[in-house]
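One-letter residues, chain by chain:
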Amino acid sequence: MNQTMPSHREMERALFARDATYDGVFVAAVKTTGIFCRPSCPARKPFPENIEYYATPRDAIFAGYRACRRCHPMEVNGAAPSWVAGLVAHVEADPGVRIRDQDIRERGLDPARVRRYFLARYGMTFHAYCRGRRMAAALEDIRRGGEIDDVVFDHGYESHSGFREAFAKAFGTSPGRATGDEAIAASLLATPLGPMIVGATPRALCLAEFTTRRMLARQMKILTQRFRCAIVPGVNDVLDQAKREFLEYFAGTRRRFDVAVEAPGTPFQELVWRAVAAIPYGETRAYESIAREVGRNAAVRAVGTANGMNRIAIAIPCHRVVNKNGALGGYGGGKWRKLALLDLERGPAA
């Protein structure tokens, strides 16, 4: 089980109470029917001994279960539970506000539940989200010419030293030297195949990953090392463009991404990613073909590894790389997503 999952007892209680606040935290699979559901599914509940719990729909699918046709656990409508929306709205109204566990309890919520939900859906705890949002707002004020003295206290910091320490930890520089290039703005994008975390510098898109990817935390760590800056909740013009183009892609109205892309890696990884980015919409290439294209005929396995390390799903279309016999091969977002993306690009006939 995923370490962010609730206890077995808590999941069982949430399932039988049809508690929608746990939607997205886990899914429940029924051994006797072969179906998995959201916790809030209105269908009649099975006997407890017939239930298995999984962190993600992906895990349930690879365990042999199929999605419930009543609660549609694979679909994402973009609307967070009301309690999540309330918390996020509170932070957005005043990014400098400090929300403690006691404040969360006063809203009738369990801090541990909030932490698990944010970890599962956003890849960070709620408190980390708050810190990132506060610091992102501070950076924006500095970029606009704000005085350090004003920024310190306007964003909830109690002293200059505390602010400078937090700023340097987040952005790797001093507040006086900060520019808009020193943070990756990231936000959640709801897609028909599940939520994605999309991130961009003011120059280019640099992150697009499904939140259920097991390597997501590692990829985000590598990203901060490559760009030498932090990933913080926020928006910028590049991120807005990227999210718009992803939605157009899923709607079937876009075949090529126009947003600038920046994907630093090892020299070999960059060779592979450039070759993959050149695969036309609706077509596939074998790993062996990519190996020949980059001049490393015998490096088929290394090509597969590099392809799997791609941090910008779909825009760098690693889903278009398959085995030479036509089998799907691996995919960090799950084979079912790879098949869905290829079917989308093949059109209605698929």
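Reference entry: report on the structure contained in this document. All values reported here derive from a predicted model rather than from experimental measurement.

So, how was this worked out
- Residues numbered from 1 in each chain as written.
- Predicted model: local features only at pLDDT ≥ 70, side-chain atom pairs only at ≥ 80, totals over all residues.
- Heavy atoms only, no water.
- Phe/Tyr/Trp six-rings, centres within 6.5 Å; stacked < 30°, edge-to-face > 60°.
- Buried < 20%, exposed > 50% of the residue type's maximum accessible area, 1.4 Å probe, protein only.
- Lys NZ or Arg CZ within 6 Å of the ring centre and 35° of its normal.
- Helix = DSSP H or I, 4+ residues; strand = E, 2+ residues; numbered from the N terminus.
- Contact = heavy atoms within 4.5 Å.
- Pairing = 2+ DSSP bridges.
- Expected span 1.5 Å × (residues − 1).
- Arc of directions from axis to C-beta.
- Core = buried A, V, L, I, M, F, W, Y, C linked by side-chain atoms within 4.5 Å.
- Salt bridge = Lys/Arg side-chain N within 4 Å of Asp/Glu carboxyl O.
- Axes fitted to C-alpha atoms, helices over the stretch in contact; angles between N-to-C directions.
- Parallel < 35°, antiparallel > 145°, perpendicular 65-115°, else oblique.

Looking now at the packing of aromatic side chains. Under the counting rule described, the total for this entry stands at six aromatic pairs. Between Tyr249 and Phe250, the aromatic rings sit 5.4 Å apart at their centres with planes inclined by 80 degrees, giving edge-to-face as the arrangement. Note on accessibility: Tyr249 and Phe250 belong to one class, buried. Centroid distance Tyr249 to Phe257: 5.9 Å. Interplanar angle 35 degrees. Geometry classified as tilted. Residue classification places Phe257 among the buried positions, given a relative accessible area of 14%. Connected via pairs of aromatic rings, a cluster forms that spans Phe246, Tyr249, Phe250, Phe257 and Tyr281. Across from the ring centre of Phe210, 4.3 Å away, lies the NZ or CZ of Arg337, which sits over that ring.

So, about the side chain of Arg254. Relative to the elements of secondary structure, Arg254 occurs in the loop between helix H10 (237–250) and helix H11 (267–277). The class of Arg254 is buried, set by a relative accessible area of 15%. Once residues within four sequence positions are removed from consideration, Arg254 is found in contact with Glu245, Glu248, Tyr249 and Tyr281.

This next bit is on the sheet that holds strand S1 (residues 27–30). Spatially, S3-S1-S2-S4 is the arrangement adopted by the four strands of the open sheet, whose pairing is mixed. One side of each edge strand has no neighbouring strand; the edge strands of this open sheet are strand S3 (51–54) and strand S4 (66–67). Pairing analysis gives three bridges linking S1 to strand S2 (residues 35–37), with the strands arranged antiparallel. Note that in S2 the partner of Ala28 across the bridge is Cys37.

What follows covers helix H3 (residues 82–93). If you check H3, its first and last C-alpha atoms are 16 Å apart, about what 12 residues at 1.5 Å a residue would give, namely 16 Å. Taken residue by residue, H3 has Trp83, Val84, Leu87 and Val91 as its buried positions. An end-on view of H3 places all buried positions within 105 degrees of arc, on one side of the element. Among the exposed residues of H3, those oriented more than 90 degrees off its buried face are Ser82 and Ala93.

With that settled, consider the nonpolar core. Core analysis: the largest hydrophobic core is formed by 43 residues, its most contacted members being Met196, Val198, Leu205, Phe246, Phe250, Val272 and Ile314. Those elements giving two or more residues to this core turn out to be strand S5 (183–191), strand S6 (194–200), strand S7 (205–210), H10, H11, helix H12 (287–293), helix H13 (300–308) and helix H14 (335–346). Per-element accounting of this core gives the leading share, six residues, to H10. Met11, Val25, Phe26 and Tyr117 belong to the second largest nonpolar core, which has 22 residues in total.

So, about the environment of Met11. Counting through the fold element by element, Met11 comes out in helix H1 (residues 8–16). For Met11, a relative accessible area of 0% puts it in the buried group. Spatially, the C-alpha atom of Met11 lies 7.9 Å from that of Tyr53, the residues being 42 residues apart in sequence.

Turning to the pattern of salt bridges, a few remarks are in order. Per the counting criterion, the structure on display carries 10 salt bridges. The salt bridge partner of Asp258 is Arg256, with a shortest N-O separation of 3.0 Å. Under the relative-accessibility criterion, Arg256 is labelled exposed at 60%. Linking Asp343 and Arg346 is a salt bridge whose minimum nitrogen-to-oxygen distance equals 3.5 Å. Placement of the pair is Asp343 and Arg346 together in helix H14, with a separation of three residues, close to one helical turn. Judged by relative accessible area, Asp343 falls into the partly exposed class, the value being 26%. Note on Arg346: relative accessible area 48%, which makes it partly exposed.

This next bit is on the packing of H11 against H13. Packed helix pairs are characterised by how far apart their axes lie and by the angle those axes make with each other. Running from N to C, H11 and H13 cross one another at 80 degrees; their axes reach a closest spacing of 9 Å. Taken as axis vectors, H11 and H13 run roughly perpendicular relative to one another. Residue-level inspection shows Phe268, Gln269, Val272, Trp273 and Val276 of H11 in contact with H13, the latter providing Ala302, Val303, Ala306 and Asn307.

Our focus in this paragraph is unusual backbone geometry. With a phi angle near 55 degrees, Arg18 is a residue other than glycine that sits in the positive phi range. By secondary structure assignment, the location of Arg18 is in the loop between H1 and S1. A positive phi angle, close to 75 degrees, is found at Ile314, a residue other than glycine. Residue classification places Ile314 among the buried positions, given a relative accessible area of 2%.

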